[in-house]
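Understanding the architecture of this molecule
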Amino acid sequence: MSDTFMLAGKTFTSRLIIGTGKYRSFNEMQAAHKASGAEMVTVAVNRVPLDRKTESFLDYLDPAMQILPNTAGCYDAEHAIRTARLAREALGTDWIKLEVIGDPVTLLPDNEQTLGAAKVLVSEGFIVLPYFSDDLIMAKKLLDAGCPAVMPLAAPIGSGMGVQNPSNLRIMREQLPDATIIVDAGVGVPSDASVAMELGADAILMNTAIAEARDSELMATAMNYAVRAGRLAYLSGRMPKRLYASASSPIEGAIK
């Protein structure tokens, strides 16, 4: 499929972004990454041995992939900002997936703290991709702050519940036609990924759905196809819904 995805001046042929957590082994992660076709991978800065003195999943990443450090585990803007700065120094990238969690049980984001951190990091030259609740107004504020994309959740992190508020994502797409929207968190099965893409998402980030599958490599392959299928469906434009039946074969010219 020639339909490409551009973010912060970089072109990607895959619209699937993959994670690194929860895999049963580094080799399993590596195989899943390859099967997914993903060209961008997110890593949690707070759980990485950045000095590289011990073996970690960093040693099993495809060097061709764009590394997207994230601030998972941060519960206030200050901590997230420090973590982003550390990531830039240690991993040599200005890209950062900004997460500021507001509740330790649901892991739902603190949108206010996220916006505050985003403004600081953008001013420092970071390419900020913020994870936030699926709220149109907050999306506008984050884009106005200089974020090149927004990452609304589909459902709570690791829940696998799929897109819980499709209307919110549809409204966001319609009201922000030129924005890059990456659905993050909540995808459980390939049909969830297809739904998110059919609603107009530009890309999807997922981790648990693949890592916790019985066969993560096979699930990564399925997600690869699902993201592509959903994108094609969005581009093709669905048929209208109708209250009554509509015959597939026209009546005109039928044998009587």
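Here the residue numbers are simple positions, counted from 1 along each chain's written sequence. Where totals are concerned, whole chains, interfaces and linings use all residues; where local detail is concerned, this predicted model gives features only for residues with pLDDT of at least 70, and gives and counts side-chain atom pairs only at 80 or more. To get the side-chain values, take all heavy atoms of the structure and skip hydrogens and water.

1. Details of empty space enclosed by the protein
The following threshold applies: Both cavities and pockets are sets of points on a 1 Å grid over the protein atoms alone; in a cavity a 1.4 Å probe fits but cannot get out, in a pocket the set is open with protein on both sides within 12 Å along at least five of seven lines, and lining residues sit with an atom within 4 Å of a point. Grid points are joined across faces, edges and corners, and a volume is the space filled by probe spheres set on the points. In this description a helix means any DSSP run of H or I spanning at least four residues, a strand means any run of E spanning at least two, and both kinds are numbered starting from the N terminus. The nonpolar class holds Ala, Val, Leu, Ile, Met, Phe, Trp, Tyr, Cys and Pro. Asp, Glu, Lys and Arg form the charged class, and all remaining residues, Gly among them, are polar.
Taken as a whole and judged by the stated rule, the model has two cavities of 30 Å³ or more. Reported here for the second largest cavity is a volume of approximately 40 Å³. If you trace the second largest cavity, you find it lined by Leu169, Met172, Arg173, Ile181, Val183, Ala196, Leu199, Gly200 and Ala201. Here the lining of the second largest cavity gets three residues from one element, more than from any other, and that element is helix α5 (residues 166-175). The residue inventory of the lining of the second largest cavity, partitioned by class, reads seven nonpolar, one polar and one charged.

2. Remarks on the pairing of strand β4 (residues 40-44)
To keep things clear, this is the line we draw: Each residue is assigned to one of three classes by its accessible area relative to the maximum for its type, calculated with a 1.4 Å probe on protein chains only: buried under 20%, partly exposed between the two thresholds, exposed over 50%. Two strands are said to pair when DSSP picks up at least two bridges between them. Seen with the strands pointing away from the viewer, any crossover whose path from the first strand over the helix to the second strand runs clockwise is right-handed.
The buried count for β4 comes to five of five residues, which makes it a mostly enclosed element. Taking every second residue as pointing to the same face, both faces of β4 are buried, with Met40, Thr42 and Ala44 on one and Val41 and Val43 on the other. By the bridge criterion, two bridges tie strand β3 (residues 16-18) to β4 in an arrangement that is parallel. Across the sheet, the residue bridging to Ile18 is Val41, located in β4. Read as a crossover between parallel neighbours, the route from β3 over helix α1 (residues 26-36) to β4 is right-handed. Relative to strand β5 (residues 66-70), β4 runs parallel, the two being bridged by five bridges. The partner of Met40 across the bridge, within β5, is Gln66.

3. Points about helix α4 (residues 136-144)
To keep it simple, the criterion reads: In this description, the arc belongs to the directions extending from the helix axis to the C-beta atoms. Only heavy atoms enter the contact rule, under which two residues are in contact if any of them lie within 4.5 Å. Any N or O atom pair separated by 3.5 Å or less is treated as a polar contact, with the protein-specific requirement of one donor-capable and one acceptor-capable atom, and with residues adjacent in sequence counted only for side-chain atom pairs.
Among the residues of α4, Leu136, Met138, Ala139 and Leu142 are the ones counted as buried. Looking down the long axis of α4, one finds its buried residues gathered within 160° of arc, a one-sided arrangement. At its buried positions, α4 is contacted by α3 (111-123), β7 (127-132) and α5. Capping the start of α4, Asp135 holds a side-chain oxygen 3.2 Å from the backbone nitrogen of Ile137, two or three residues further along.

4. Re the pattern of salt bridges
Should the charged atoms of two oppositely charged side chains come close, the side chains can pair. Where we set the bar: Salt bridge criterion: a side-chain nitrogen from Lys or Arg within 4 Å of a carboxyl oxygen from Asp or Glu.
Throughout the structure, instances matching the rule amount to eight salt bridges. Where Lys97 meets Glu99, a salt bridge forms, and the shortest distance between an N and an O atom there is 2.9 Å. For the pair shown, Lys97 and Glu99 are each scored as buried. Here the residues in one salt-bridge network are Asp3, Arg15 and Arg231, joined through shared partners.

5. Let's talk about unusual backbone geometry
Even without being a glycine, Lys22 presents a positive backbone phi close to 75°. Along the chain, Lys22 falls in the loop between β3 and α1. In this structure, Ala185 is a non-glycine residue whose phi angle is positive, near 80°. By the secondary structure assignment, Ala185 is in the loop between β9 (182-184) and α6 (190-198). By relative accessible area, Ala185 is classed as buried at 10%.

6. Observations regarding the packing of α1 against helix α8 (residues 216-236)
Stated precisely, the cut-off is as follows: To get an axis, fit a line to the C-alpha atoms, keeping to the stretch in contact for a helix; angles then go from 0 to 180 degrees between the N-to-C directions. Every angle not falling under 35 degrees, over 145, or within 65 to 115 is termed oblique; those three ranges are roughly parallel, roughly antiparallel and roughly perpendicular. Each crossing is labelled by how the near helix is turned from the far one, with a counterclockwise turn of less than a right angle marking it left-handed and a clockwise turn marking it right-handed.
For the pair α1 and α8, the least separation of the axes is 7 Å and the interaxial angle reads 20°. The angle between α1 and α8 places the two elements in the roughly parallel class. The handedness of the crossing between α1 and α8 is right-handed. Contact with α1, carried on its side by Glu28, Ala31, Ala32, Ala35 and Ser36, involves Ser216, Glu217, Ala220, Thr221 and Asn224 of α8 and no other residues of that element. Of the residues that constitute the contact of α1 with α8, the class distribution is four nonpolar, four polar and two charged.

7. Focus: the pairing of strand β10 (residues 203-206)
Burial along β10 is two-sided: Ala203 and Leu205 and Ile204 and Met206, pointing in opposite directions, are all buried. Inspection of the sheet shows β3 paired to β10 by three bridges, in the parallel sense. Counted as the bridge partner of Leu16 is Ile204 from β10. Relative to β10, β9 runs parallel, the two sharing three bridges. Residue pairing for β10: Val183 is matched across the bridge by Ile204. The parallel pair β9 and β10, bridged by α6, forms a crossover whose chirality is right-handed.

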